[in-house]
Amino acid sequence: MKLVLSSLVAAMTAAAASPALAGPVLDEIKEKDQLICLVNPNSPGFSVPDSNGVYQGFNTDFCRMAAAAILGDAGKADIRGIGFSDSMKTLVADGAHMASRSITATGTRDADAGMAFVATTFYDGQGFMIPKSIGVTSATQLEGATVCAEDGSTTLLNIADWFSDRTISYRVENIADKTARLEAFFNGKCDVYASDVTALLSDRLLSDTPEAYTILPEVISAEPLTLVTQPDQALEAAVFWAFQVMLNADVYGITSDNVDQIIADLGSYPKAVNRLFAEDSATAEMAEKLGLPQDWAYQVISQVGAYSEVFEKHLGKETAFGLELNETANALTADGGQMYAYPIR
Amino acid sequence: MIPPSPPPPVKRRIRLSDVFVLSGIAVLLAFALANIQANMAAAGVHPGFGFLTKEAGFDVSETLIPYSPGSSYIRVILAGLANTVFLAGVCIILATVIGVLMGLVSVGPSPAGRWLAVAYVELFRNLPKLLVLLVLFVAAVNGLPHVREAMSAGPFHLSNRSLNFPVPLWDGKGWILLLALAAGLILPRLIEAHLQKHWGRSTPMPLSVLIGCPIVCVLAASVLFQVPSGFSVPELKGFDFQGGARVSLQFCVIAVTLGIYHGAQIAEVVRGGLQSVPKGQSEAAQALGLTRSQTIRLIILPQVIRIIIPPMNNQYVNLIKNTSIAIAVGYSDLMSVSGTVINQSFKPLEMMLITMGLYLVLCMSVATALNTYQARLIGRETR
């Protein structure tokens with residue numbers, strides 16, 4: 001609560017101080033030489049502190065992407081863990097520059113003046129997890145069940161819609177504290193745990209016996225998990241196009257490992273690759289207009305990597321999630337997914 | 001003894017410094033409001049309360065008033081408020097009972113009791129309440145059985161979900177029993193008055209009649225009018241118990257948490273009150289020939305109550321505000337629904353104002369009630 005109040009106060013003073021210039025937030029980031037980015041404090045695979053207290057994960061890499069593109073150094077991302085509803089308030093109140101914490105883009109949220117939804121980094125959907133022991137194979141058999149969900153999230157609305165559309169009665173346990181919520185589910189206080197499918201996969205790993213739980217086939221909502229920044233055209237453009245660089249890298253098979261090799265021999269690569277890295281390239285022109293480091297596209301790829309690299313590193317087959325990128329909606333359009341690389345020219 | 005002379009009347013003169021301070025605050029407030037409004041308008045945000053009548057669209061864990069996701073935001077806020085009031089009421093009773101008992105034990109004759117009271121007070125006033133809540137919740141969820149293996153005592157069932165118990169079916173005829181109860185309470189008084197009028201002497205009714213009469217009346221009405229018509233008994237069907245009434249586990253855990261947390265502080269208030277009455281008071285009472293119970297009832301208690309009301313007031317108001325930690329374990333109180341409404345409607349300023357206003361009214365009504373009671377006590381004594 002203290003955070004909310006202090007952020008409200010901050011909002012008032014900030015609103016008083018800053019006139020609507022193009023790029024004031026981007027200027028502020030460069031002036032402070034630091035980009036404050038909000039993540040979930042405890043979401044394995046997406047953002048968890050490592051043994052040194054540094055946040056690691058899929059979502060945190062997009063904080064690092066933005067810092068690499070804007071400041072030329074991914075290490076200048078000041079990554080902070082914060083709860084879901086406080087993160088949006090903090091952003092609106094100028095307490096952070098951007099958030100990469102699985103926030104679903106919705107019309108009304110985007111219509112709010114304090115937040116800009118910039119680039120969808122993960123296409124997710126809301127699902128149900130159950131203990132295998134209750135012997136249910138479809139969510140339609142959940143008549144009378146108790147559902148645990150995070151307090152204050154869109155999850156609550158999706159469940160209400162889905163169950164009432166099918167006139168299935170249910171009871172909700174809207175628990176804010178994650179430990180309390182998961183303890184409630186793992187101990188059978190609720191029959192079902194509802195959240196985004198990836199969050200379910202990640203939370204399942206927190207159980208002593210992950211194999212005792214399964215995810216039902218129904219995916220009941222569209223959850224485009226999107227990077228949110230403070231409204232600032234230049235900052236939005238920088239973040240959006242940095243993400244497009246990561247997608248383009250996948251299209252052309254560029255990774256953090258081979259990017260130096262490619263640049264050493266740019267002449268023998270397609271025009272589109274040249275437009276990413278050459279000195280008089282499209283990215284250099286963008287850099288001048290947006291006020292980014294001249295080689296920002298190279299910095300993003302060499303320090304963070306291509307989109308598929310980030311995905312594989314944190315959520316892929318080698319990880320506990322074992323997700324196959326091309327089986328999810330997050331594959332490139334060419335591979336049947338929804339990740340569409342915009343042209344950089 | 002010469003009664004002390006009343007203080008001279010206060011001169012009603014406004015001081016210049018007061019005017020400066022007050023007008024300074026007013027100017028600051030006006031500036032802040034104008035600034036917020038101007039900046040919200042510049043940012044394209046239009047404050048307003050029109051959203052309150054829109055459909056809320058989300059469910060809450062338990063409600064005392066009829067509510068469905070199709071109801072309006074107003075209704076979900078009311079449902080949250082009702083939950084907060086109910087929780088606060090139960091917690092106040094629990095904390096007071098625990099606090100008074102422990103307070104009495106802490107000044108009592110038993111050294112073991114005193115030691116126990118000190119240990120209890122020191123433990124719970126030195127722990128954060130949210131931590132106590134989470135520990136108790138996790139312990140209860142882990143320790144109590146799954147709903148399918150619920151502990152049962154007849155029609156009462158306790159699991160790590162809830163306490164389920166039977167409730168009478170009133171069929172809207174509950175008022176008949178209330179009427180019978182009222183009749184049973186008044187009847188002995190009427191007989192008393194009648195006897196006094198005709199026989200001209202006061203014959204107080206024995207206690208057995210005063211208690212027995214209402215019971216007989218209610219039972220007679222219950223049999224005669226078949227109220228309640230039956231009982232709704234909880235039965236395990238599908239995933240959970242159906243029928244009967246249900247108190248959720250989180251409600252019990254929060255009530256216990258705040259009960260023992262504030263109980264510890266109330267115990268200290270009560271101890272302080274008891275120890276502040278000089279020993280000479282009870283010695284004087286004994287010298288006058290009052291019995292021990294008369295001493296407590298007529299000499300000690302009136303003084304203690306007068307002393308402890310202001311700090312108790314503080315405890316109650318704190319307790320009401322502390323019910324907001326319920327959000328952590330999934331009890332849909334005012335704070336919880338207000339947070340969800342903010343996330344859905346994105347009207348943070350409006351919702352925070354509403355929430356603050358409701359807590360303010362709630363706390364101030366309790367404080368005012370207690371202050372009025374204290375004023376009456378003092379008034380009665382100085383009369």
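Computed from a predicted model, the values in this text were never measured in an experiment.

(A) Examining the domain arrangement of chain A more closely. Residue and element names in this part refer to chain A. By domain assignment, chain A separates into domain 1 (2–124 + 224–335) and domain 2 (126–221). For domain 1 versus domain 2, the separation of C-alpha centres amounts to 30 Å. Taken together, both faces of the contact between domain 1 and domain 2 bury some 1,100 Å²; the carbon and sulfur share is 60%. When the buried surface of domain 1 facing domain 2 is broken down by residue, Pro44, Asp124 and Phe321 rank first, second and third, together holding 44% of it.

(B) Spatial organisation of the environment of A:Ala149. Residue and element names in this part refer to chain A. As for its placement among the helices and strands, Ala149 is situated in strand β8 (residues 145–150). C-alpha of Ala149 to C-alpha of Val192: the two residues are 43 residues apart in sequence and 8.8 Å apart in space. When residues no more than four places from it in sequence are discounted, the contact partners of Ala149 are Thr155, Leu156, Ile159, Glu173, Asn174, Ile175, Arg181 and Ala194.

(C) Just the sheet that holds strand β4 (residues 77–81) of chain A, in detail. Residues and elements named next belong to chain A. Read from one edge of the open sheet, five strands run β4-β1-β5-β12-β6, paired in mixed fashion. Sheet topology places β4 and β6 (116–124) at the edges, where each strand pairs with a single neighbour. Pairs of neighbouring strands in the sheet enclose a mean axial angle of 25°, with direction left out of account. Across four bridges, the pairing between strand β5 (residues 98–104) and strand β12 (residues 223–229) is antiparallel. Counted as the bridge partner of Met98 is Thr229 from β12.

(D) Focus on the sheet that holds strand β3 (residues 162–165) of chain B. Residue and element names in this part refer to chain B. The sheet built from four strands is open, its strands ordered β1-β2-β3-β8 with antiparallel pairing. Each edge of the open sheet is held by one strand with a lone partner, namely β1 (151–153) and β8 (245–248). Strand-to-strand twist in this sheet, taken as the mean axis angle between neighbours without regard to direction, amounts to 15°.

(E) Local environment of the packing of aromatic side chains. All names here are of chain A. What the rule picks out here adds up to 28 aromatic pairs over all chains. Ring plane angle 5° and centroid distance 6.1 Å describe the contact between Phe122 and Phe311, whose orientation is recorded as stacked. Taken together, the residues span a long stretch of sequence, with Phe122 in strand β6 and Phe311 in helix α14 (residues 307–315) at a distance of 189 residues. In this pair, the class of Phe122 matches that of Phe311, namely buried. Judged by centre distance (5.3 Å) and plane angle (55°), the rings of Phe186 and Tyr213 are tilted. In this pair, Phe186 sits in helix α7 (residues 178–186) while Tyr213 sits in strand β11 (residues 213–215), placing the two residues 27 residues apart along the sequence. Residue Phe186 is classed as partly exposed on the basis of its relative accessible area, which comes to 21%. The structure contains a cluster of three or more aromatic residues connected by ring pairs, namely Phe46, Phe58, Phe62, Phe122, Phe243, Tyr307 and Phe311.

Calculation rules
- Residues numbered from 1 in each chain as written.
- Chains lettered and ligands numbered in written order.
- Predicted model: local features only at pLDDT ≥ 70, side-chain atom pairs only at ≥ 80, totals over all residues.
- Heavy atoms only, no water.
- Domains from an automatic or database assignment.
- Buried area = accessible area lost by both parts, 1.4 Å probe.
- Helix = DSSP H or I, 4+ residues; strand = E, 2+ residues; numbered from the N terminus.
- Contact = heavy atoms within 4.5 Å.
- Pairing = 2+ DSSP bridges.
- Axes fitted to C-alpha atoms, helices over the stretch in contact; angles between N-to-C directions.
- Phe/Tyr/Trp six-rings, centres within 6.5 Å; stacked < 30°, edge-to-face > 60°.
- Buried < 20%, exposed > 50% of the residue type's maximum accessible area, 1.4 Å probe, protein only.

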